[in-house]
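Each chain is listed here by its residues.
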Amino acid sequence: MAAASATTRMRSVYYAYKRSCCFCLPSQVQYGTSILRRINSFPVCRSSSSTSSSSSTSSTSSSLSARQEALQRLHRVENEGAYVNRAAPSPSRQKHLTSSSSSLTPRDEAFVTNLVSGVTRWRRYLDFVVLAYYSGSKSRDKGKKNKNQPGDMDPVMLSVLRMGVFELVKLNQPPHVVNEYVELTKKNVNRNAGGLANYLLRAVAVATHDGTLPIPPSGEANSAEQVNALSILYSHPTWLVRRWTKRYGERATVELMEYFNEPPTHHSVRPSLRFAGETQRNSADATARAMASLAETCESLGVQTEPSRVLPGEFVRVTDNLQALVRSGIIGMNHGRRTDDDVVFSVQDEAQALVVAAALDPQPGERILDACAAPGGKTLFALNRLNGSGLLVALDRSSKRLKALTKVTRALGYDAPHFQSRAVDLTEWDGTVSGEKPVGQFDKVLLDAPCSGTGVLHRRADMRWRRVEDDVEGDLAYLQDALLDAAARHVRPGGLLVYSTCSLEPDENEERCASFVERSNGEFHLEPVPSGITNGAPIETLHPVPGVENCVFRSWPPQTGMDGAFAARLRRRSDAA
């Protein structure tokens, strides 16, 4: 009887699929008939008693609420341009979606974060799988080719299916997770669409179990077919995979994409010490005490850590349970929160810190310009290195972001005459900050330029879908050249201009530096990155660029376990006018 009942239920699912408002090709109906036999063999979840049923209902309600929240956040990412890490939705903006009924537990929040970022990273591959079992084209004309574009499908329906496929294929969830997505579909699309979700996701569960998931057609190495296949399998834009395979080869490109498709394995945390005044400057002892305090806090909260491999005296790697530190108030995800009068802890990747420590190398008493300062991680680290002496001027186009940075620096005791800021476009800056008198030229200028961000795709799950090839080859390159020319005007004779990005693209890195040196007519030249300034870390860790040895550096993420980063030191001639 049980077997007959299961068969009846699965058959009703199949016919609900046929009756659904979505259209399908005749071949898919035939495929549905054959796969029905495989679906029938899959276990159907049953509750053994009223007690277990009650417990199951409670668990289902919690998990459904978490997935509802994930659906809302994905809607914001897909339709409102929200960043994945800032996609918590406002209820007033979600009138067409059912709201999650309650606040999430820490465990559910972690699940939602992983689900949203994972679905966003794997979006292209998930669409490929969905479209292998579904056609949304409404054209029934024999002469028209069905393009199987995901845009043909209701966007909420598509998001639900992406989530379900991700859990089944990438998180290896058991088939009964399909029930959650059937309910999610009924709540947010319509009841008929629930039949489609049930049929399609159970078909994916069968294929996952049998190892028969669809695979895109491949071709010869570096061919258009092979590039497209890799782009689908590893869920990256075709233009980016084409560039990488041409430059690094297929093996290195696959290694890079695999790294970017995994959630970050750690977050690096460092202290920003409070400046205690001219007569009581920060010291190595104060940094050591702050790091010891952080270690004690991590141990008490059950937060797992390991020493930094490149800046062990100033950074620690948090390998698990970072959210416990965030909830404790000891750190914030941007600049940290003020926990007492002495220290703020910040999250910053070590590759970005090495731009300051290895390339800029701030020394007490120097005058430094941070030309594109926000969000301010490099600014705060440079202030630590200046040790409360000299001057750091922070510029940024965004008054809102600069205001947030300035609030933190003032909380740490940094203000005039050692720190000043102004919201202004570098290309339009006249050299003044708070008065009419220009502040003069600087010993060092840091230009952390706007870029494509291809070095941080594992942390920015949505970044790969926000860029197009013209950004790298056109608009961004033009902007970077203009910013380099503007920054150069503020470097004193004999001074240093440091150009950095979080991009892996030579168009934004080496080529921009070479073009700038040529435009300067000998006034600027590349110089080697100094050794012995990374607290014992070998410069080789930074993956020197072939042909420009020791003059610029990159962090290659799969090799270093850090963000992708680039920096170059451009020295101005001492006799320049």
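Please read all numbers here as calculations on a predicted model, not as lab measurements.

Caption draft 1: Quick peek at the overall build of the chain. Helix and strand counts for the chain come out as 20 helices and 13 strands. Expressed as a percentage of the 577 residues in the chain, the buried residues total 53%. Considering only contacts within the chain whose residues lie at least 6 apart along the sequence, 72% involve residues at least 24 apart.

Caption draft 2: Structural detail: the packing of aromatic side chains. Applying the stated criterion across every chain yields a total of eight aromatic pairs. Its end group placed over the ring of Y248, R247 keeps NZ or CZ at 5.9 Å from the ring centre. The positively charged end of R460 is found above the aromatic ring belonging to Y83, 4.6 Å away from the centroid.

Caption draft 3: Summary view of the side chain of R385. Mapping R385 onto the fold places it in helix 15 (residues 377-386). A relative accessible area of 17% means that R385 is categorised as buried.

Caption draft 4: Unusual backbone geometry, seen in detail. Cis geometry marks the peptide bond from A374 to P375, where omega comes out at 5°. By the secondary structure assignment, P375 is in the loop between strand 6 (367-370) and helix 15. The phi angle at N222 is positive, at roughly 70°, despite the residue not being glycine. Even without glycine at this site, N321 takes up a positive phi of about 65°. Within the secondary structure layout, N321 lies in the loop between strand 3 (316-320) and helix 13 (322-328). Accessibility expressed as a relative area gives 29% for N321, which makes it partly exposed.

Caption draft 5: Representation of the pattern of salt bridges within the structure. For the structure shown, the criterion picks out 36 salt bridges. For the salt bridge of R317 with E306, the shortest nitrogen-to-oxygen distance reads 3.8 Å. Here the residue R317 occupies a position in strand 3, and E306 occupies one in strand 2 (residues 304-307), the gap between them amounting to eleven residues. The class for R317 is buried, based on a relative accessible area of 2%. Linking E523 and R572 is a salt bridge whose minimum nitrogen-to-oxygen distance equals 2.8 Å. Separated by 49 residues along the polypeptide, E523 in the loop between helix 19 (510-519) and strand 11 (524-527) and R572 in strand 13 (residues 565-572) bring together distant segments of the chain. Residue R572 is classed as buried on the basis of its relative accessible area, which comes to 6%. Through salt bridges with shared partners, one network takes in R242, R243, R247, E469, E473, E505 and D507.

Caption draft 6: Up close: the confidence of the model for the chain. Averaged over the chain, the pLDDT score is 81; the fraction of residues at 70 or greater is 77%. Low pLDDT (under 50) marks residues 43-58, which in the prediction has nine contacts with non-local residues, meaning those over four places away or in another chain.

Caption draft 7: Spatial organisation of the nonpolar core. M163 and V204 are the most contacted members of the largest nonpolar core, which has 49 residues in total. For this core, the secondary structure elements donating two or more residues are helix 3 (50-79), helix 4 (106-121), helix 5 (123-133), helix 6 (155-170), helix 7 (178-188) and helix 8 (191-210). Broken down by element, this core gets its largest block of residues, ten residues, from helix 6. Leave out the neighbours within four places in its chain, and M163 touches R67, A70, L71, L74, L115, V119, Y181 and L184.

Caption draft 8: Here's a closer look at the environment of V408. Looking at the secondary structure, you find V408 in helix 16 (residues 399-411). As for V408 and S272, which are separated by 136 residues in sequence, their C-alpha atoms are 10.0 Å apart.

Caption draft 9: Fine view of the packing of helix 7 against helix 8. One can describe the packing of helix 7 onto helix 8 by two numbers: an axis separation of 7 Å at closest approach and a directional angle of 155°. Considered as vectors, helix 7 and helix 8 are oriented roughly antiparallel to each other. Where helix 7 crosses over helix 8, the handedness of that crossing is right-handed. Side by side, helix 7 and helix 8 meet where V178, N179, Y181, V182, T185 and K186 of the first sit next to R191, A193, G194, A197, N198, L201 and R202 of the second. Here the residues of the contact of helix 7 with helix 8 are counted per class, giving six nonpolar, four polar and three charged.

Caption draft 10: A look at helix 9 (residues 224-233). For helix 9, every residue scored as buried is listed here: Q226, V227, A229, L230, S231 and I232. Tucked into the core, helix 9 has its buried residues touching helix 5, helix 10 (238-248) and helix 11 (250-260). S235, located one to two residues past helix 9, shows a positive phi value of around 55°.

Caption draft 11: Highlighting the packing of helix 5 against helix 8. The N-to-C vectors of helix 5 and helix 8 enclose an angle of 105°; their axes lie 10 Å apart at closest approach. With respect to their mutual orientation, helix 5 and helix 8 come out roughly perpendicular. Here helix 5 contributes V129, V130 and Y133 to the contact with helix 8, which in turn contributes L200, A203, V204 and A207. For the contact of helix 5 with helix 8, a count of residues per class yields seven nonpolar, no polar and no charged.

Caption draft 12: Layout of the pairing of strand 3. One ladder, built from three bridges, connects strand 1 (residues 267-273) with strand 3; its direction is antiparallel. Residue V269 lies in a different strand from strand 3, and its bridge partner there is V316. Pairing between strand 2 and strand 3: four bridges, direction antiparallel. In the strand pairing of strand 3, Q304 is matched with D320.

Cut-offs used in this document
- Residues numbered from 1 in each chain as written.
- Predicted model: local features only at pLDDT ≥ 70, side-chain atom pairs only at ≥ 80, totals over all residues.
- Heavy atoms only, no water.
- Helix = DSSP H or I, 4+ residues; strand = E, 2+ residues; numbered from the N terminus.
- Buried < 20%, exposed > 50% of the residue type's maximum accessible area, 1.4 Å probe, protein only.
- Contact = heavy atoms within 4.5 Å.
- Phe/Tyr/Trp six-rings, centres within 6.5 Å; stacked < 30°, edge-to-face > 60°.
- Lys NZ or Arg CZ within 6 Å of the ring centre and 35° of its normal.
- Salt bridge = Lys/Arg side-chain N within 4 Å of Asp/Glu carboxyl O.
- pLDDT = per-residue confidence, 0-100.
- Core = buried A, V, L, I, M, F, W, Y, C linked by side-chain atoms within 4.5 Å.
- Axes fitted to C-alpha atoms, helices over the stretch in contact; angles between N-to-C directions.
- Parallel < 35°, antiparallel > 145°, perpendicular 65-115°, else oblique.
- Left-handed = near helix turned anticlockwise from the far one by under 90°.
- Nonpolar A, V, L, I, M, F, W, Y, C, P; charged D, E, K, R; others polar.
- Pairing = 2+ DSSP bridges.

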